[in-house]
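Each chain, written out:
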Amino acid sequence: MKRSKRRGAGVGCGRPGVHTRVSSLALHAGAPLLAGALLYVGFRAESLLGWRWADALGIGAPARALRELLGSFGHVPDWVRFTAPDALWVYALTHVVARVQRGARPPERALWLSIAFALGPGAELGQFAGVVPGTFDVFDLITTLSAFGLASYFGGRAPLPEIAERTIPT
Amino acid sequence: MRLDHPHLRRLSTVAALGFFAILGAATAGGEEDEEGATASAASGEQTSAGLQALEAHLAARENYAEGPDAAMIAEAAREALAPGDALAVRVVPGVPRKIVVLVRYASSGGYENLRDIPSSERNEELDRIVAAIDDAYEAGADELGVAIRGAVFYGAIAVRHPSQPIEYHTGAVISTSVLDPLLTAEPGPEARPTLEVGSRAEGTLAPHPMPQPAYALTLSEARRVRVRLTSNVTGDDSPIAIVCRGTVRAGSCAEDASLEPLEELDDATMDDLERAGGEAEEAGLSFQEDVYDMPAGQFTVIVFRNDCEAEGGCPGDRASYTVQLL
């Protein structure tokens with residue numbers, strides 16, 4: 001009874017705890033993903049696989065209209081176009097993993113975070129080693145490492161779910 | 001099940017990883033320049049300062065022209081563009097001249113966006129622009145760069161070095177560095193051959209789009225000038241000589257800029273013409289001589305090919321000639 005009431009009260013009712021969690025997730029995962037997606041849509045090549053998916057899903061036309069709109073804002077620096085989207089993706093991914101795993105035992109948490117690391121800075125290191133296709137760039141490595149570090153920190157500090165903390169298993 | 005139950009946590013993490021993996025996969029498949037690294041950008045699509053400076057003048061439906069004959073080249077290139085396209089032309093004088101033509105495709109007016117044009121057809125777009133320039137300007141002896149961009153990227157670039165075929169650089173995202181040597185070249189003197197009254201010049205024509213031979217003539221006072229042209233190519237294919245006001249290229253010598261030769265000549269001049277014509281005919285040469293009453297000033301004597309419509313070139317394309325001022 002207590003649980004259902006809290007849930008009912010929390011959804012869309014602006015209760016401080018739930019609101020904070022939602023906005024925190026939006027800020028640390030949603031916003032970076034949205035920003036990265038806009039950069040890809042507006043300023044990267046149309047030969048990317050996502051454009052074919054968009055066409056297959058029937059959203060190619062509005063996506064191109066958005067691209068046209070974004071392109072009208074003019075030139076963006078190359079680091080914004082090429083480096084920022086990757087760093088934003090790594091930040092969002094790492095934040096989500098760190099956030100979900102924040103209640104786990106440290107070894108397990110480290111294991112999951114290592115996957116995020118491998119997909120972000122690790123891929124860049126793999127390019128340096130020549131085992132991952134692509135062009136290594138030290139600036140990309142620095143930005144993805146920074147994104148990983150910051151997201152691990154903020155994700156690990158997110159408050160644990162109130163429901164899990166305060167309900168008694170039946 | 002509790003929300004922080006280990007199984008649920010793992011499941012959530014796997015789901016998140018899968019979601020992000022799908023997002024990552026969506027960004028795969030780009031061309032080499034598009035591989036998401038500033039190193040790629042540095043070697044690939046980074047826009048040079050010179051290019052950015054010229055780009056700043058791109059405005060829809062307008063021509064921007066900078067340098068000698070740039071306005072004429074822009075006007076010619078405009079013939080191959082949609083009305084809403086933006087066009088900027090920079091000409092750096094020197095030998096050879098460096099000509100850069102930037103085009104930004106319009107996104108409206110019913111014309112295709114650059115991104116909608118397959119790479120294979122972009123070369124044809126470039127050909128049309130180059131052909132329009134050559135028709136009016138004959139830039140075959142110049143360093144010519146033509147670049148087409150869409151809203152964001154350059155997707156087609158043609159570079160042609162003097163007397164060479166066009167090099168195409170076409171793709172989703174392409175390097176613009178091939179334009180840098182043209183944009184950063186220092187202006188230099190353009191040594192145009194000159195003629196004086198009493199002198200002669202010999203030469204050989206080159207086919208389109210090589211420019212027609214042009215000789216600068218300066219008169220300090222008004223006088224009568226006879227322009228005599230002989231060539232080893234005879235008949236309808238023989239070249240012709242025309243005198244234009246100012247220091248111009250052949251393409252700039254419109255009808256109203258060319259001088260009209262005298263139609264009525266005195267007997268002595270006619271006798272001399274007939275004698276010279278007879279000698280040329282005996283030597284197997286074509287003969288043309290026009291007489292002009294010219295004011296003081298700058299003029300250009302241009303030897304025109306007699307272009308034909310033949311596919312494999314015209315008989316007069318490589319004619320040898322001698323032009324003489326009397």
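Residues numbered from 1 in each chain as written. Chains lettered and ligands numbered in written order. Predicted model: local features only at pLDDT ≥ 70, side-chain atom pairs only at ≥ 80, totals over all residues. Heavy atoms only, no water.

### So, the overall build of chain B
So, step 1. Within chain B one finds 7 helices and 13 strands.
So, step 2. Taking all 326 residues of chain B together, the buried fraction comes to 46%.
So, step 3. Summarising the internal contacts of chain B: among those between residues at least 6 apart in sequence, 68% fall at separations of at least 24.
So, step 4. For chain B, the accessible surface area stands at approximately 15,300 Å², while carbon and sulfur atoms represent 49% of it. (Helix = DSSP H or I, 4+ residues; strand = E, 2+ residues; numbered from the N terminus. Buried < 20%, exposed > 50% of the residue type's maximum accessible area, 1.4 Å probe, protein only. Contact = heavy atoms within 4.5 Å. Areas by Shrake-Rupley, 256 points an atom, 1.4 Å probe, with all protein chains shown as cover.)

### Observations concerning the overall build of chain A
So, step 1. For chain A, the count of helices and strands is 9 helices and 0 strands.
So, step 2. Across the 170 residues of chain A, 42% fall into the buried class.
So, step 3. Put simply, 67% of the contacts in chain A that link residues at least 6 apart link residues at least 24 apart.

### Description of the nonpolar core
All names here are of chain B.
So, step 1. One finds Val89, Ile99, Val101 and Ile133 to be the most contacted residues of the largest nonpolar core, which totals 26 residues.
So, step 2. Among the secondary structure elements, those contributing two or more residues to this core are helix H4 (70-78), strand S2 (86-92), strand S3 (98-104), helix H5 (119-137), strand S4 (143-149) and strand S5 (154-160).
So, step 3. Among all residues touching isoleucine 133, those that are not within four sequence positions of it are Ile73, Ala76, Ala77, Val101, Glu138, Ala139, Leu144 and Val146.
So, step 4. By size, the runner-up hydrophobic cluster in this structure holds 22 residues, among which are Val233, Phe299, Val303 and Leu325. (Core = buried A, V, L, I, M, F, W, Y, C linked by side-chain atoms within 4.5 Å.)

### Re the packing of helix H6 (residues 106-119) of chain A against helix H7 (residues 121-129) of chain A
Residues and elements named next belong to chain A.
So, step 1. Where H6 contacts H7, the axes come no closer than 3 Å and their chain directions differ by 45°. As summarised for this structure, H6 and H7 are arranged oblique, according to the angle between their axes. The segment H6 lies against H7, with Ala116, Phe117, Ala118 and Leu119 engaging Pro121, Gly122, Ala123 and Leu125. (Axes fitted to C-alpha atoms, helices over the stretch in contact; angles between N-to-C directions. Parallel < 35°, antiparallel > 145°, perpendicular 65-115°, else oblique.)

### Details of a nonpolar patch on the surface
So, step 1. Together, Leu34, Leu38, Leu66, Leu69 and Phe73 of chain A line one region of the surface with nonpolar side chains, adding up to about 490 Å² of accessible area.
So, step 2. Positionally, leucine 38 of chain A belongs in helix H2 (residues 16-43). (Patch = residues over 30% accessible without salt bridge, like charges linked within 9 Å, V, L, I, M, F, W, Y side chains within 5 Å. Salt bridge = Lys/Arg side-chain N within 4 Å of Asp/Glu carboxyl O.)

### Some remarks on the pattern of salt bridges
All names here are of chain B.
So, step 1. Inspection of every chain in the model, using the stated rule, returns 19 salt bridges over all chains.
So, step 2. We note a salt bridge from glutamate 66 to arginine 90, for which the minimum N-O separation is 2.7 Å. Highlighted residues: glutamate 66 in strand S1 (residues 63-66) and arginine 90 in strand S2, separated in sequence by 24 residues.
So, step 3. Residues aspartate 293 and arginine 224 are paired through a salt bridge, measuring 2.9 Å at the closest nitrogen-oxygen approach. Pair noted here: aspartate 293 is in strand S11 (residues 286-294) and arginine 224 is in strand S9 (residues 223-231), with a separation of 69 residues, a long-range link.
So, step 4. Look at aspartate 293 and you get partly exposed, because its relative accessible area is 44%.
So, step 5. Residue classification places arginine 224 among the partly exposed positions, given a relative accessible area of 37%.
So, step 6. Each member of the salt-bridge network shares a partner with another, and the members are Arg226, Arg228, Asp272, Arg275, Glu279 and Glu289.

### Describing the environment of alanine 31 of chain A
So, step 1. Relative to the elements of secondary structure, alanine 31 of chain A occurs in helix H2.
So, step 2. Residues alanine 31 of chain A and leucine 88 of chain A, spaced 57 residues apart in sequence, show a C-alpha to C-alpha distance of 8.8 Å.

### Focus on the environment of aspartate 180 of chain B
So, step 1. Relative to the elements of secondary structure, aspartate 180 of chain B occurs in helix H6 (residues 180-183).
So, step 2. With 131 residues separating them along the chain, aspartate 180 of chain B and alanine 49 of chain B place their C-alpha atoms 8.9 Å apart.

### Considering the confidence of the model for chain A
Residue and element names in this part refer to chain A.
So, step 1. Looking at chain A as a whole, its pLDDT mean stands at 77, while 78% of the residues score no less than 70.
So, step 2. No element of chain A has a lower mean pLDDT than helix H1 (residues 2-10), at 29, and none a higher one than H6, at 92.
So, step 3. Under a pLDDT of 50 for its full length, residues 1-16 has, in the predicted model, 12 contacts with residues more than four places off or in other chains.
So, step 4. For the stretch residues 163-170, pLDDT sits under 50, and the model shows 11 contacts to residues farther than four places along the chain or on other chains. (pLDDT = per-residue confidence, 0-100.)

### What to know about the sheet that holds strand S13 (residues 320-325) of chain B
All names here are of chain B.
So, step 1. Strand order in the open sheet made by the 4 strands is S7-S13-S9-S11, with antiparallel pairing throughout. Of all the strands in the sheet, just strand S7 (200-204) and S11 have a single pairing partner and so form its edges. Along the sheet, successive strands turn relative to each other by an average axial angle of 15°, direction set aside.
So, step 2. Seen against the sheet, helix H7 (residues 267-282) touches S9 and S11 and runs at an angle of roughly 155° to S11. (Pairing = 2+ DSSP bridges.)

### Comments concerning the side chain of arginine 78 of chain B
All names here are of chain B.
So, step 1. Here arginine 78 is to be found in helix H4.
So, step 2. Of the side chains with opposite charge, aspartate 85 comes closest to the buried, unpaired arginine 78, at an N-O distance of 5.6 Å.
So, step 3. Here the side chain of arginine 78 touches glutamate 62 through a polar contact of 3.0 Å, landing on its backbone oxygen.
So, step 4. Here the side chain of arginine 78 touches asparagine 63 through a polar contact of 2.8 Å, side chain to side chain.
So, step 5. Setting aside its immediate chain neighbours within four residues, arginine 78 contacts Arg61, Glu62, Asn63, Pro83, Asp85, Ala86 and Leu87. (Lys, Arg positive; Asp, Glu negative; His and termini not counted. Polar contact = N/O pair within 3.5 Å; in protein donor to acceptor, adjacent residues only side chain to side chain.)

### Digging into the packing of helix H5 (residues 78-100) of chain A against H6 of chain A
Residue and element names in this part refer to chain A.
So, step 1. As a packed pair, H5 and H6 sit with axes 10 Å apart at the nearest point and diverge in direction by 170°. By the angle between their directions, the pair H5 and H6 is classed as roughly antiparallel. The residues of H6 that touch H5, namely those facing Trp89, Leu93, Thr94, Val97 and Ala98, are Arg109, Trp112, Leu113, Ala116 and Leu119.
So, step 2. Broken down by class, the residue content of the contact of H5 with H6 amounts to 8 nonpolar, 1 polar and 1 charged. (Nonpolar A, V, L, I, M, F, W, Y, C, P; charged D, E, K, R; others polar.)

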